[in-house]
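Below are the chains, spelled out letter by letter.
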Amino acid sequence: IGPTTTSLATKKARLIFSSPRARDADTVHEPPAPATTSTYRLAGAADPVTVVSLPGVFGGGRLDSGTELLLEHLPHELRSSMDIGSIVDLGCGDGIVGAVAALVHPTAEVTFVDESYLAVASAEATFRATIADADAGPEPRARFMVGHGLFDLDAGGTIERESVDLVLNNPPFHTNNALSDAVAWSMFADARDALSPGGELWVVGNRHPAYHAKLTRLFGACDVIASNPKFVLLRAVKR
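It should be emphasised that the depicted structure is a prediction, and the values quoted were computed from it without experimental measurement.

Asker: Just checking my understanding: could you explain the sheet that holds strand E7 (residues 141-148) for this structure?
Answerer: The strands making up a sheet are joined through hydrogen bonds of the backbone, oriented either antiparallel or parallel. Here eight strands make up an open sheet; going across it, the order is E8-E7-E6-E5-E9-E12-E14-E13 and the pairing mixed. In this open sheet, the two edge strands, each paired with only one partner strand, are strand E8 (152-155) and strand E13 (223-227). Here the average twist between neighbouring strands, direction ignored, is 25°. With five bridges connecting them, strand E9 (residues 164-169) and strand E12 (residues 195-206) associate as parallel partners. Opposite Leu166, over in E12, you have Glu200 as the bridge partner.

Asker: I would appreciate a short explanation of the packing of aromatic side chains in the present structure.
Answerer: Here the distance between the centres and the angle between the planes together describe a pair of aromatic rings. This model, assessed by the stated rule, comprises four aromatic pairs. Centroid distance Phe127 to Phe144: 5.8 Å. Interplanar angle 65°. Geometry classified as edge-to-face. With Phe127 in helix H3 (residues 117-133) and Phe144 in strand E7, this residue pair connects regions lying 17 residues apart in the sequence. Phe144 carries the same exposure label as Phe127, and that label is buried. Through successive ring pairs, a cluster of aromatic residues spans Phe112, Phe127 and Phe144. If you follow Arg161 out to its NZ or CZ, it ends over the ring of Phe151, 4.0 Å from the centre.

What counts, and at which threshold
- Residues numbered from 1 in each chain as written.
- Predicted model: local features only at pLDDT ≥ 70, side-chain atom pairs only at ≥ 80, totals over all residues.
- Heavy atoms only, no water.
- Pairing = 2+ DSSP bridges.
- Helix = DSSP H or I, 4+ residues; strand = E, 2+ residues; numbered from the N terminus.
- Axes fitted to C-alpha atoms, helices over the stretch in contact; angles between N-to-C directions.
- Phe/Tyr/Trp six-rings, centres within 6.5 Å; stacked < 30°, edge-to-face > 60°.
- Buried < 20%, exposed > 50% of the residue type's maximum accessible area, 1.4 Å probe, protein only.
- Lys NZ or Arg CZ within 6 Å of the ring centre and 35° of its normal.

Put into structure tokens, the structure is as follows:
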């Protein structure tokens, strides 16, 4: 931006003041920080998953433990369910979950949704790179949408109520720096409204927010698919 000066510190904080540089009209802006690219080959998968993560996007090119738990169990479910026509990766981050879903079930349309434009751009790059590296076969269909939840969308199209067969979700358990289940609750409610009868919501998250109680309130029941000392994988079915 330009030269900066700083104030004296108070406890752990200080102010930083910046004076923007003057730019010529034809000055080219400096490019953003480069994306992080990582490749994963999941157990039993024939094709690798190439993850592209722009700066600040959840995941940062790494496979977190919660996502890993979800991906350990998701492929078998998708392969055994041939009637899945539409999948949503809700809060997609860098898009690895949706990309795996697209590889395993290429006949389904996969929709990537996140409130962050950078996250959705990362998810699209992850999807394109992963599909490009996959063996020849039917090319999966994908949509990329920006917005809060599934219905308050800023860009990318719309999602109809009762039109989705499977929603995959790794919800945040904090809002900014405060622990909160408000975002997760909103995501679960949107997923319930978007799912068709018999459709499923898969949620992976930390144990302490007790998501199973919230899902039971919304869906009437909730199953524990898998767990480890830190994370739990839950499934709720819309009746």
